[in-house]
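Here's the letter readout for the chains.
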Amino acid sequence: MAKRVLTTESGAPVADNQNSATAGVGGPILLQDQHLLEKLARFNRERVPERVVHARGSGAYGYFEVTDDVTGFTRADFLSEVGKRTETFIRFSTVADSLGGADAVRDPRGFALKFYTNEGNYDLVGNNTPVFFIKDPIKFPDFIHSQKRDPFTGRQEPDNVWDFWAHSPEATHQVTYLMGDRGIPASYRHMNGYGSHTYQWTNAQGEAFFVKYHFKTNQGVRSLSAEQAAELVGKDANSHQTDLLQAIERGVNPSWTLHVQVMPAAEAAEYRFNPFDLTKVWPHADYPLQRVGRLVLDRNPDNVFAEVEQAAFSPNNFVPGIGPSPDKMLQGRLFAYADAHRYRLGVNHTQLPVNAPKAAEVDNYGRDGLHATRYGSRHDKNYEPNSYAGPAQTDAALAAPLAIHGWTGTHEAPAHAKDDDFFQAGELFRLMSEEEKGRLVANIAGGLSQVTRDDVVEKNLAHFHAADTDYGKRVEEAVRALRED
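What you see is a predicted model; the values in this text were computed from it and never measured.

(A) Here's a closer look at empty space enclosed by the protein. On inspection of all chains with the given rule, the structure shows 5 cavities of 30 Å³ or more. Quantified by volume, the largest cavity comes out at close to 160 Å³. Lining the largest cavity are 17 residues, with Asn128, Thr129, Arg182, Gly183 and Met191 sitting closest to its centre. The calculated volume of the second largest cavity comes to roughly 60 Å³. Taken together, Asp363, Asn364, Tyr365, Arg367, His379, Asp380, Lys381, Asn386, Tyr388, Ala389, Gly390 and Pro391 form the lining of the second largest cavity. In terms of residue class, the lining of the second largest cavity is made up of 4 nonpolar, 4 polar and 4 charged.

Right, dumping it as structure tokens:
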């Protein structure tokens, strides 16, 4: 086997990779040492800006296989026939912590899935919870600031976390999820995934439906108590990454079954909950789960930076038959996610291998910019329309149009019959066993008791009382006991 030769970035062989060039033995380093300067300059630039949210992540490749006929609801080609497989890439992540954070912490988990379909890439960007803390994207930067490190103390502050929630009663439902047993998954393999938002499906006849995605883990849901998580973090801060990597390397390929809830578009206006409110679920009794297919992860990335850190997901990457809904949080993310990647990775981030379509050809008039690798042929024009047989529009909309009416302005979301910030949080609490309720109350009290302002504590207690009388009473007593110690 021929010996591999170390080269510079320009391909020239490197004579000495152990010693810098100097002016004589023991003399100062020479500016002409191109190999040294190139190595140091490249090293200084090895990192791209980390994600503000979802910074800490793990990923894997796999496939999605259709198991049930859903062509009555969508004309998306990758869902067009039972047995059809589509290559996928998934990125799991924590939300609030930095790139160096631990895996086994109490935090929602990102569940971002890229389908490499033959009609282009479809990105489904969700979480491991069916709801979220807020319903309007204008509050998102403030929410994340309250959860991240305080600008003065440099650490996450209970005062900030609970103060924001005190002024955001719509967060009560998600707080109940987060502080409950599922707040710390045992691994990425042992948690469900959700599209969380409401999306639109359109069938071949042009009929529109609103859908919610549910990926149910086939490994079973397993979670950690606060004590178990603290012990695990001390042993292996990368526990979820380790588990995912080793499981796939052993051939124990994790899988999820995809179900959807389907609502005919005409039913949305009169539904008892606002179907586009990210803080609400659709009860399964109203819209039962319908099975769609199976997601299987079977290959680890070769390079974490190239394929996990540079993976770019955007919920505005739709394919024919799938589109957005009036969900305000989704509408905000349609812009924000793609813009974040243009900032982090450059305008040509879609040309990186992990982000580039694998089963479809890209043919458009986007040109130039940092790291451009796609130019077209020498005769291609970079404008449209043209007289040179360049790519042209199809005149076929990806999804059905959304009806709009009324005056422009900063409106609150329309209220539906059962729309309030507390009913569903109370329903979730009442579904829990006595043991689950006890752990939920202990988790909430552990954080809320550290808050220094009495008015913030009282505002949060009022939310739990409004959700369920017993819920509020238990939390109030537990907080009082901890604050009196």
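(B) How the structure looks around the environment of Val262. Within the secondary structure layout, Val262 lies in strand 8 (residues 255–264). Overall, Val262 belongs to the buried group, its relative accessible area being 8%. As for Val262 and Thr452, which are separated by 190 residues in sequence, their C-alpha atoms are 45 Å apart. Once residues lying within four places of it in the same chain are set aside, the contact partners of Val262 are Phe73, Phe209, Phe210, Val211, Tyr287 and Gln290.

(C) A look at the side chain of Ser93. Structurally, the position occupied by Ser93 is in strand 2 (residues 85–94). Side chain to side chain, Ser93 and His54 meet in a polar contact 2.8 Å long.

(D) Region of the structure containing the packing of helix 11 (residues 454–467) against helix 12 (residues 469–484). Orientation of helix 11 relative to helix 12, taken along the N-to-C sense of each, is 150°, at an axis distance of 5 Å. Judged by the inter-axis angle, helix 11 sits roughly antiparallel to helix 12. In the packing of helix 11 onto helix 12, the handedness of the crossing is right-handed. In this structure, helix 11 contributes Asp454, Val457, Leu461, Phe464, His465 and Ala467 to the contact, and helix 12 contributes Thr469, Tyr471, Gly472, Lys473, Val475, Glu476, Val479 and Arg483. Across the contact of helix 11 with helix 12, the residue classes tally to 7 nonpolar, 3 polar and 4 charged.

(E) The arrangement of the packing of helix 2 (residues 140–147) against helix 3 (residues 158–166) in detail. Contact pair helix 2 / helix 3: the axes reach a minimum separation of 7 Å and the direction vectors enclose 145°. Residue-level inspection shows Asp142, Phe143, Ser146 and Gln147 of helix 2 in contact with helix 3, the latter providing Asn160, Val161, Phe164 and Trp165. The residue inventory of the contact of helix 2 with helix 3, partitioned by class, reads 4 nonpolar, 3 polar and 1 charged.

(F) Representation of the side chain of Glu157 within the structure. Tracing the chain through its elements places Glu157 in the loop between helix 2 and helix 3. Here Arg155 takes part through its side chain, which lies 2.8 Å from a polar atom of the side chain of Glu157.

(G) The arrangement of the pattern of salt bridges in detail. Under the counting rule described, the total for this entry stands at 29 salt bridges. Taking the shortest distance from any N to any O, the salt bridge between Glu427 and Arg430 comes out at 3.0 Å. One end of the pair, Glu427, and the other, Arg430, are both in helix 9 (residues 423–431), 3 residues apart, so they sit about a helical turn from each other. Exposure remark for Glu427: the relative accessible area of 37% places this residue in the partly exposed category. Given a relative accessible area of 38%, Arg430 falls into the partly exposed group. With its nearest N and O atoms 3.0 Å apart, the salt bridge here joins Arg483 to Asp454. Taken together, the positions of Arg483 in helix 12 and Asp454 in helix 11 put the pair 29 residues apart, joining distant regions of the chain. The class for Arg483 is partly exposed, based on a relative accessible area of 35%. Taken together, the salt bridges that share partners define one network made up of Lys135, Asp277, Lys280 and Asp421.

Reading guide: rules and limits
Residues numbered from 1 in each chain as written. Predicted model: local features only at pLDDT ≥ 70, side-chain atom pairs only at ≥ 80, totals over all residues. Heavy atoms only, no water. 1 Å grid on protein atoms, 1.4 Å probe; cavity = no way out; pocket = protein on both sides within 12 Å on 5 of 7 lines; lining within 4 Å. Points joined across faces, edges and corners; volume = space filled by probe spheres on them. Nonpolar A, V, L, I, M, F, W, Y, C, P; charged D, E, K, R; others polar. Helix = DSSP H or I, 4+ residues; strand = E, 2+ residues; numbered from the N terminus. Buried < 20%, exposed > 50% of the residue type's maximum accessible area, 1.4 Å probe, protein only. Contact = heavy atoms within 4.5 Å. Polar contact = N/O pair within 3.5 Å; in protein donor to acceptor, adjacent residues only side chain to side chain. Axes fitted to C-alpha atoms, helices over the stretch in contact; angles between N-to-C directions. Parallel < 35°, antiparallel > 145°, perpendicular 65-115°, else oblique. Left-handed = near helix turned anticlockwise from the far one by under 90°. Salt bridge = Lys/Arg side-chain N within 4 Å of Asp/Glu carboxyl O.

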